Amino acid sequence: MDCRVVVEAAVPVFDVETEDEAIRIAISKTGEMLNPDLNYVEINMGERTSPSGEELPPAFIAADEALVALELEMTVFNVEREEHASRIARKEIGQLLENIPLEVIQVDVLEDEDGEESTETDGESSDSEQTDQTETTSASAADETGDADDEEILPEFEDLVE
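Residues numbered from 1 in each chain as written. Predicted model: local features only at pLDDT ≥ 70, side-chain atom pairs only at ≥ 80, totals over all residues. Heavy atoms only, no water.

K.L.:
Teacher, can you tell me more about the overall build of the protein chain here?
P.N.:
A count of helices and strands for the protein chain gives four helices and seven strands. The order of α-helices and β-strands along the protein chain, N terminus first, is β-α-β-β-β-β-β-α-β-α-α. Looking at the protein chain as a whole, 27% of its 162 residues qualify as buried. Considering only contacts within the protein chain whose residues lie at least 6 apart along the sequence, 71% involve residues at least 24 apart. Of the roughly 11500 Å² of accessible surface on the protein chain, a fraction of 45% belongs to carbon and sulfur atoms. (Helix = DSSP H or I, 4+ residues; strand = E, 2+ residues; numbered from the N terminus. Buried < 20%, exposed > 50% of the residue type's maximum accessible area, 1.4 Å probe, protein only. Contact = heavy atoms within 4.5 Å. Areas by Shrake-Rupley, 256 points an atom, 1.4 Å probe, with all protein chains shown as cover.)

Shown next, in the form of structure tokens:
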């Protein structure tokens, strides 16, 4: 199963005067820390609300220092459970963002190519996956023994050169 994980990060920014400046610097700072190792992580502004439900900007400024809420999104592949996906995302991002608190706020299971959610649990796989694995295994066994179909999928290099 594949999951899309959203992690909230509280990024400190120093010597700023406006919220927009703090947000731009926080996104840039986070991007520098994540790249090039985790360049597939999407960085977005976080959402904050007051206890009464009022929308607040993602940056809080006091004494020319800001704390900016950012949402970091990444896709985690081949996991067993949603909890497993959230642990992987926190570990991957947390290793590069030292001293920045992280909290997993959302885990979404991605749909397969067929439009169905993958539902593997405890090593069990669906019938179609077992069929695909059997076909792949039999095809690789046929290739190894030389009993594969006479048709070639790709032409030989020498045929392309001629």
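Having seen the structure, we can now continue with the description.
K.L.:
What's the story with the pattern of salt bridges in this structure? I'm lost.
P.N.:
Side-chain pairs of opposite charge can arise where the charged atoms are in close proximity. Summed over all chains, the structure comprises four salt bridges. Across the pair E42 and R4 runs a salt bridge whose closest N-O atoms are separated by 2.7 Å. Taken together, the residues span a long stretch of sequence, with E42 in strand β2 (residues 42-45) and R4 in strand β1 (residues 3-14) at a distance of 38 residues. Among the residues examined, E42 registers a relative accessible area of 39% and is labelled partly exposed. A salt bridge links E83 to R87; the shortest N-O distance between them is 2.6 Å. Note that E83 and R87 are positioned in helix α2 (residues 82-96) at a spacing of four residues, about one turn of the helix. What emerges from the salt-bridge pattern is a single network uniting R4, E42 and E73. (Salt bridge = Lys/Arg side-chain N within 4 Å of Asp/Glu carboxyl O.)

It is worth stressing that arrangement in space is one thing and function is another; only the former is reported here.
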